[in-house]
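Examining the three-dimensional arrangement
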Amino acid sequence: MLLHVITSLRAGGAERLVAQMLPRLHRAGIACELALLDGTRTPFLEEVERAGITIHSLGIGLKGVYSPRHILRLRSLMKRADIVHTHNTPAQVLAALALPNPRPRMVTTEHNTDNRRRRFPLSRAFDRRLYSRYDAVVCCSEPVRTALREHLRSKSIDGRIVSITNGIDLAPYFAIAPRDARGLDNVKVVMVSAFRPQKDHRTALEAIARLPERFKLTLAGDGATRHAAESLAAKLGIQDRVEFTGNLTDIPALYARSNIAVLSTHYEGLSLTTIEAMASGVPFIASDVAGVRENICGGAMLVAENDPAALADAIKAIADNPDLAHSLSQKGRAAAENYNIENTVNEYITLYNSI
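Anyway, here's the lowdown on the structure attached to this text. (Residues numbered from 1 in each chain as written. Predicted model: local features only at pLDDT ≥ 70, side-chain atom pairs only at ≥ 80, totals over all residues. Heavy atoms only, no water.)

1. Things to note about the layout of surface pockets
Note the following rule: Cavities and pockets were defined on a 1 Å grid built from protein atoms only: a cavity is a group of points that admits a 1.4 Å probe but offers it no way out, a pocket is an open group of points flanked by protein on both sides within 12 Å along at least five of seven lines, and a lining residue is one with an atom within 4 Å of any such point. Grid points are joined across faces, edges and corners, and a volume is the space filled by probe spheres set on the points. Only DSSP runs of H or I reaching four residues or more are called helices, and only runs of E reaching two or more are called strands; each is numbered from the N terminus. As a working rule, the residues Ala, Val, Leu, Ile, Met, Phe, Trp, Tyr, Cys and Pro are called nonpolar, Asp, Glu, Lys and Arg charged, and the rest polar, with Gly in that last group.
Put simply, the second largest pocket is a space of about 160 Å³. Lining of the second largest pocket is provided by Phe195, Arg196, Pro197, Lys199, Asp200, His201, Arg202, Thr225, Ala228, Ala229, Leu232 and His266. Those elements that provide at least two residues to the lining of the second largest pocket are α9 (201–209) and α10 (226–235). Ranked by residue count, the leading element in the lining of the second largest pocket is α10, at three residues. The residue inventory of the lining of the second largest pocket, partitioned by class, reads five nonpolar, three polar and four charged.

If you want it as structure tokens, here you go:
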């Protein structure tokens, strides 16, 4: 049995990957179960549930995800597993602490080029000990692998670190007919992203504030920094031009009614939002940061991080230049072809068999 463990199935790239992978692994004949430290019901959770996969909810709410009580429950689940595959720090840590004897094979996926815990002085020693518990450490892109190896500086763990590129189901995005922003009374700009410190909603909002009133911004997602973003929109006087949708289940439909997509961020691993935006054929603008610049394959316009003026100029350039918009649309779709979820799942199956 293959047991995946993740903090929750709220919005996010790791969560979306798990929700798309598990049903495909199940259809491939692999017995799968899922353990959630926070079992709050979400569209992703319901997607996994509909696939007939057993879900174990160890708690409700994010405040208790590090509860020591989860360790005994996890240990009981892990005793029945051949392979345990973890995602995100709380799941990585608790599963390592819950390791039973005899032990299952252990896999974890690293989803970002950076994280907050690496800023602490003792984080390298902590992470070396943590990752030594795992038989394979999967990085979702080469930039993530490079950053992790540089952080750990451990020859003993280096041989366990591999790259498996994240992917999405491309078909719903390739079905979208690209839209032209030329001559529109309302140019619809969209950013799909969880609200967390890693993401740079401030720059997106300040960019829209610099543009004429016909430019509207939709921010899809939810999270801890949403209230601050809503307050900033009001302070900038653009609250009537910004829509906060919360988490959405039909992201292709959102792109289908948008003219320009942006991702304003401080760092990434391999953002699934990036792949979705490029696959949709909507001209895409992204921050020139680690984990984005290496993975867009020429399919997006890059602008400097924390630079609302540069982002505003890029949005206006695309809205005013149909040839530029068409070129970005074509390049985005070509780049997205590199990120098919079926390839991702097949590489994980190969890894599981190898260990």
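After presenting the structure, the write-up continues.
2. Digging into the environment of Asn340
Just so we agree on the cut-off: Relative accessibility under 20% of the residue-type maximum defines a buried residue, over 50% an exposed one, and the middle range a partly exposed one, all with a 1.4 Å probe and only protein chains included. Contacts are assigned to residue pairs with any non-hydrogen atoms lying within 4.5 Å of each other.
The topology assignment puts Asn340 in the loop between α14 (322–336) and α15 (341–354). Judged by its relative accessible area of 26%, Asn340 is partly exposed. A C-alpha to C-alpha distance of 26 Å links Asn340 and Gln92, two positions 248 residues apart in sequence. Once residues lying within four places of it in the same chain are set aside, the contact partners of Asn340 are Gly167, Ile168 and Leu170.

3. Observations regarding the sheet that holds strand β12 (residues 284–287)
For the record, the criterion: Pairing between strands is defined by DSSP: at least two bridges between them are needed. All axes are obtained by fitting lines to C-alpha atoms, using only the stretch in contact for helices, and the reported angles, taken between N-to-C directions, cover 0 to 180 degrees.
As summarised here, the arrangement of the six strands in space is β10-β9-β8-β11-β12-β13, forming an open sheet in which the pairing is parallel. Two strands bound the open sheet, and with one partner strand each, they are β10 (242–246) and β13 (301–303). Going from strand to strand, the sheet's axes swing by 25 degrees on average, the running direction of each strand aside. Of the strands in this sheet, β8 (187–192), β11 (260–263) and β12 touch helix α12 (residues 272–280), which is tilted by about 160 degrees from β12.

4. A look at the side chain of Glu276
Among the structural elements, Glu276 can be located in helix α12. Setting aside its immediate chain neighbours within four residues, Glu276 contacts Arg16, Ile168, Tyr173, Ile251 and Tyr255.

5. So, helix α6 (residues 142–152)
Basically, it comes down to this: The arc in question is formed by the directions pointing from the helix axis toward the C-beta atoms.
If you check which residues of α6 are buried, you get Pro143, Val144, Leu148, His151 and Leu152. Buried residues of α6, seen end-on, are gathered within an arc of 155 degrees and therefore sit on one face of the element. On its buried face, α6 is in contact with β5 (105–110), α5 (123–131), β6 (136–139), α7 (155–158) and β7 (161–163). Arg153 occupies a position one or two residues after α6 and carries a positive phi of about 50 degrees.

6. Observations concerning the packing of helix α1 (residues 13–27) against helix α2 (residues 43–50)
Going by this rule: To sort the angles, those under 35 degrees are grouped as roughly parallel, those over 145 as roughly antiparallel, those from 65 to 115 as roughly perpendicular, and the leftovers as oblique. Two helices crossing with the near one rotated counterclockwise from the far one by less than a right angle form a left-handed crossing, whereas a clockwise rotation gives a right-handed crossing.
For the pair α1 and α2, the least separation of the axes is 9 Å and the interaxial angle reads 15 degrees. As judged from the angle between their axes, α1 and α2 are roughly parallel. Judged by the twist between their axes, the crossing of α1 over α2 is left-handed. Between α1 and α2, the residues in contact are Glu15, Arg16, Ala19, Gln20 and Leu22 and Phe44, Glu47 and Val48, respectively. Broken down by class, the residue content of the contact of α1 with α2 amounts to four nonpolar, one polar and three charged.

7. Some points on the pairing of β5
What counts is decided by this rule: When the strands point away from the viewer and the connection leading from the first strand across the helix to the second strand turns clockwise, the crossover is called right-handed.
Of all six residues in β5, five are buried; the element is thus mostly enclosed. Pairing analysis gives five bridges linking strand β4 (residues 83–87) to β5, with the strands arranged parallel. From the neighbouring strand, Thr86 faces β5, where its bridge partner is Thr108. Handedness of the crossover joining β4 and β5 through helix α4 (residues 89–97): right-handed. Pairing between β5 and β6: four bridges, direction parallel. Across the sheet, the residue bridging to Thr109 is Val138, located in β6. For the handedness criterion, the β-α-β arrangement of β5, α5 and β6 is classed as right-handed.

8. Comments concerning the sheet that holds strand β2 (residues 32–36)
Pairing within the open sheet is parallel, and its seven strands lie in the order β3-β2-β1-β4-β5-β6-β7. With partners counted over all chains shown, the strands left at the sheet margins are β3 (54–57) and β7, one partner each. Mean inter-strand twist for the sheet, computed between neighbouring axes without regard to direction, equals 25 degrees. Bridging between β2 and β3 involves four bridges; their strand directions are parallel. Following the sheet pairing, Glu33 is matched in β3 by Thr54.

9. Comments concerning the packing of aromatic side chains
Selection rule: Aromatic contacts are taken between Phe, Tyr and Trp rings whose centres are within 6.5 Å, Trp giving its six-membered ring; a plane angle under 30 degrees counts as stacked, one over 60 as edge-to-face, and the others as tilted.
With the rule as written, the count across this model stands at three aromatic pairs. Taking 6.4 Å as the distance between ring centres and 65 degrees as the angle between the ring planes, the aromatic pair formed by Tyr173 and Tyr255 counts as edge-to-face. Highlighted residues: Tyr173 in helix α8 (residues 171–174) and Tyr255 in helix α11 (residues 251–256), separated in sequence by 82 residues. Given the relative accessible area of 7%, Tyr173 is considered buried. A relative accessible area of 2% means that Tyr255 is categorised as buried. Between the aromatic rings of Phe195 and Phe244, the centroid separation amounts to 6.1 Å while the plane-to-plane angle is 35 degrees, which identifies the pairing as tilted. Residue Phe195 is found in the loop between β8 and α9, and its partner Phe244 is found in strand β10; the two are separated by 49 residues along the sequence.

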